[in-house]
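# What the coordinates show
Chain residues, written in single-letter form:
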Amino acid sequence: MSVEKLREAAGRPVEIVDAEDGLRPALNVCRAHSAVIVRLTEGIGPAEIGAGLAGWRRTLTVQDGDELIAVDPRDAVTRRWGAPDAVLCLADNEFLRSNDGWALPDDAFASRTHVLGAEVRAFVLARLAPRPGVLVWDVLAGSGAVGVECARLGAAVIAVEPDPVQCVRIIANASAHGVDVRVEEAELDAHSLPRPDSVFVGRGELSAVKASAAVSARRVVVVTESVDEIVPARDALQAAGYEVEGVHWTASRLLDSGFAPATPVTLLWGNKK
């Protein structure tokens with residue numbers, strides 16, 4: 001009965017997940033979607049959901065007895081609850097993700113220079129395996145094109161980018177494509193963020209690769225345009241216990257006047273042993 005009342009309280013379409021399937025997948029759906037009802041289970045209540053949503057702009061609504069109570073996630077952690085069986089997680093705005101495919105055209109994203117080409121992005125997405133219930137870090141995110149694409153496929157996404165101008169672009173690109181991407185305007189501080197399932201490192205800076213590898217995500221993908229960064233990045237992933245593969249990627253796009261070469265890049269990807 002509480003699920004139906006919470007559905008009515010949402011006032012928009014909702015996703016429904018079961019905490020019995022695990023706290024992390026349930027949290028990641030709440031982080032990615034604008035309206036989610038979590039069916040609670042023993043040991044996972046409003047406090048655990050609230051604690052996991054630190055850093056996301058969400059409101060929790062809980063039916064405690066006959067009363068519907070809306071609280072900030074931080075207040076849900078400290079409040080004394082009865083025995084609610086479900087909680088509604090609601091974002092400020094409804095996200096309206098489009099269903100027009102993936103590996104979108106390059107000009108679908110505002111960018112300072114160029115975004116990672118659609119051909120390469122398709123390959124990166126295949127290696128990251130974004131989907132509902134997982135969390136992806138987009139480190140040195142640039143325009144955030146990869147993170148936005150992951151969010152469009154249902155994943156929760158944190159974009160880490162120290163350049164404030166690029167952070168504005170990430171927010172604009174996420175809004176343009178109807179997804180919620182949490183933006184961290186800083187160098188990567190892995191200890192302050194929830195552990196990811198997959199990590200994309202948008203530039204082959206060795207410190208970022210090492211920090212990303214150290215969190216033991218199942219998958220890490222690194223892209224670099226510099227030959228000098230390839231071996232150090234590979235060695236850093238292997239030292240962290242990843243089985244590493246790589247490919248040097250070049251593509252030429254058909255234009256009216258013939259073919260035009262895209263910027264060549266090297267991709268490394270590691271799967272945790």
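Residues numbered from 1 in each chain as written. Predicted model: local features only at pLDDT ≥ 70, side-chain atom pairs only at ≥ 80, totals over all residues. Heavy atoms only, no water.

Going by this rule: UniProt positions are given in the numbering used here, feature names are shortened, and annotations may be inferred rather than shown by experiment.
As named in an unreviewed UniProt entry, the chain is Precorrin-6Y C5,15-methyltransferase (Decarboxylating), taken from Lentzea albidocapillata. Quoted verbatim from the Pathway (unreviewed entry) field of the UniProt record, the comment on the chain reads "Cofactor biosynthesis; adenosylcobalamin biosynthesis."

## Thoughts on helix α7 (residues 164–176)
For clarity, the cut-off: Strands are runs of DSSP state E lasting at least two residues, helices are runs of H or I lasting at least four, and both sets are numbered from the N terminus onward. Expected span of a helix: the number of residues minus one, times 1.5 Å. Each residue is assigned to one of three classes by its accessible area relative to the maximum for its type, calculated with a 1.4 Å probe on protein chains only: buried under 20%, partly exposed between the two thresholds, exposed over 50%. As used here, the arc is the angular range of directions from the helix axis to the C-beta atoms. What makes two residues a contact is simply this: any of their non-hydrogen atoms within 4.5 Å. Polar contacts, as used here, are pairs of N or O atoms within 3.5 Å; protein pairs need one atom able to donate a hydrogen and one able to accept it. Residues neighboring in sequence count only if both atoms are side-chain atoms.
With 13 residues, α7 ought to run about 18 Å at 1.5 Å a step, and its terminal C-alpha atoms sit 18 Å apart, in line with that. Those residues of α7 that sit buried are Q166, C167, I170, N173 and A174. Taken down its axis, α7 places every buried residue within 125° of arc, on the same side. The exposed set on the far side of α7, more than 90 degrees from its buried face, consists of V168, I171, S175 and A176. Each element contacted by the buried residues of α7 is listed here: α6 (145–152), β7 (156–160) and β8 (182–184). Between the side-chain oxygen at the start of α7 and the backbone nitrogen of V165 there is a gap of 2.9 Å, and the oxygen is on D163. Two residues or fewer after α7 comes G178, characterised by a positive phi angle close to 70°.

## Remarks on the domain arrangement of the chain
Operational definition: How far each domain reaches was decided by an automatic or database domain assignment. When two parts are brought into contact, each loses some accessible area as probed by a 1.4 Å sphere; the total of that loss over both is the buried area. We define a salt bridge as a contact between a side-chain nitrogen of Lys or Arg and a carboxyl oxygen of Asp or Glu at a distance within 4 Å. Residue type decides the class: Asp, Glu, Lys and Arg count as charged, Ala, Val, Leu, Ile, Met, Phe, Trp, Tyr, Cys and Pro as nonpolar, and the leftover types, Gly among them, as polar.
When the domains of the chain are assigned, the result is domain 1 (1–91) and domain 2 (106–271). The centre of domain 1, based on its C-alpha atoms, is set 30 Å off from the matching centre of domain 2. Domain 1 puts 11 residues into the contact, and the matching count from domain 2 is 13 residues. Across the interface of domain 1 and domain 2, roughly 950 Å² is buried in total on both sides, 47% from carbon and sulfur atoms. Interface area lost by domain 1 to domain 2 is led by R24, N28 and W56, which between them contribute 53%. Taken together, the connections running from domain 1 to domain 2 amount to 2 salt bridges. Our enumeration of links across domain 1 and domain 2 arrives at 5 residue pairs in polar contact (both at pLDDT 80 or more). Top element by residues in the side of domain 1 that touches domain 2 is helix α2 (residues 23–32). It accounts for 6 residues. Here the residues of the side of domain 1 that touches domain 2 are counted per class, giving 5 nonpolar, 3 polar and 3 charged.

## What to know about unusual backbone geometry
Of note in this structure, A129 is not a glycine but carries a positive phi near 55°. Here A129 is to be found in the loop between α5 (118–128) and β6 (135–139). Accessibility expressed as a relative area gives 22% for A129, which makes it partly exposed. Unlike most non-glycine residues, S216 shows phi in positive territory, near 65°. Judged by its relative accessible area of 33%, S216 falls in the partly exposed class.

## Observations regarding the pairing of strand β5 (residues 86–91)
Going by this rule: Should DSSP find at least two bridges between two strands, the strands are regarded as paired.
For β5, the tally of buried residues reaches 6 of 6 residues, placing the bulk of the element in the interior. What you see with β5 is no split at all: A86, L88 and L90 on one side and V87, C89 and A91 on the other are buried throughout. As defined by bridge partners, strand β3 (residues 58–64) adjoins β5 across 5 bridges and the pair is classed as antiparallel. Bridging across to β5, L60 finds its partner in C89.

## Examining the pairing of strand β2 (residues 35–39)
Cut-off, in case you're wondering: Crossovers are described as right-handed under a simple rule: with the strands pointing away from the observer, the path leading from the first strand over the helix to the second runs clockwise.
Of all 5 residues that make up β2, 4 are buried, and the element is covered over most of its length. For the handedness criterion, the β-α-β arrangement of strand β1 (residues 15–18), α2 and β2 is classed as right-handed. Pairing between β2 and β5: 5 bridges, direction antiparallel. Across the sheet, A35 pairs through a bridge with L90, a residue of β5.

## Considerations on the packing of aromatic side chains
Using the following cut-off: Pairs were defined over the aromatic rings of Phe, Tyr and Trp, the Trp ring being its six-membered one, requiring ring centres within 6.5 Å. Orientation was assigned from the angle between planes: stacked under 30 degrees, edge-to-face over 60, tilted for the rest. Two conditions define a charge located above a ring, namely a distance within 6 Å from the ring centre to NZ of Lys or CZ of Arg, and an angle within 35 degrees of the ring normal.
This model, assessed by the stated rule, comprises 2 aromatic pairs. Between F123 and W249 the ring centres are 5.2 Å apart and the planes differ by 55°, which places this aromatic pair in the tilted class. With F123 in helix α5 and W249 in strand β11 (residues 242–249), this pair connects stretches of sequence that are 126 residues apart. A cation sits over an aromatic face here: R79 above W81, 5.3 Å from the ring centre. Over the ring of W269 we find R127; its NZ or CZ atom is 4.7 Å from the centre of that ring.

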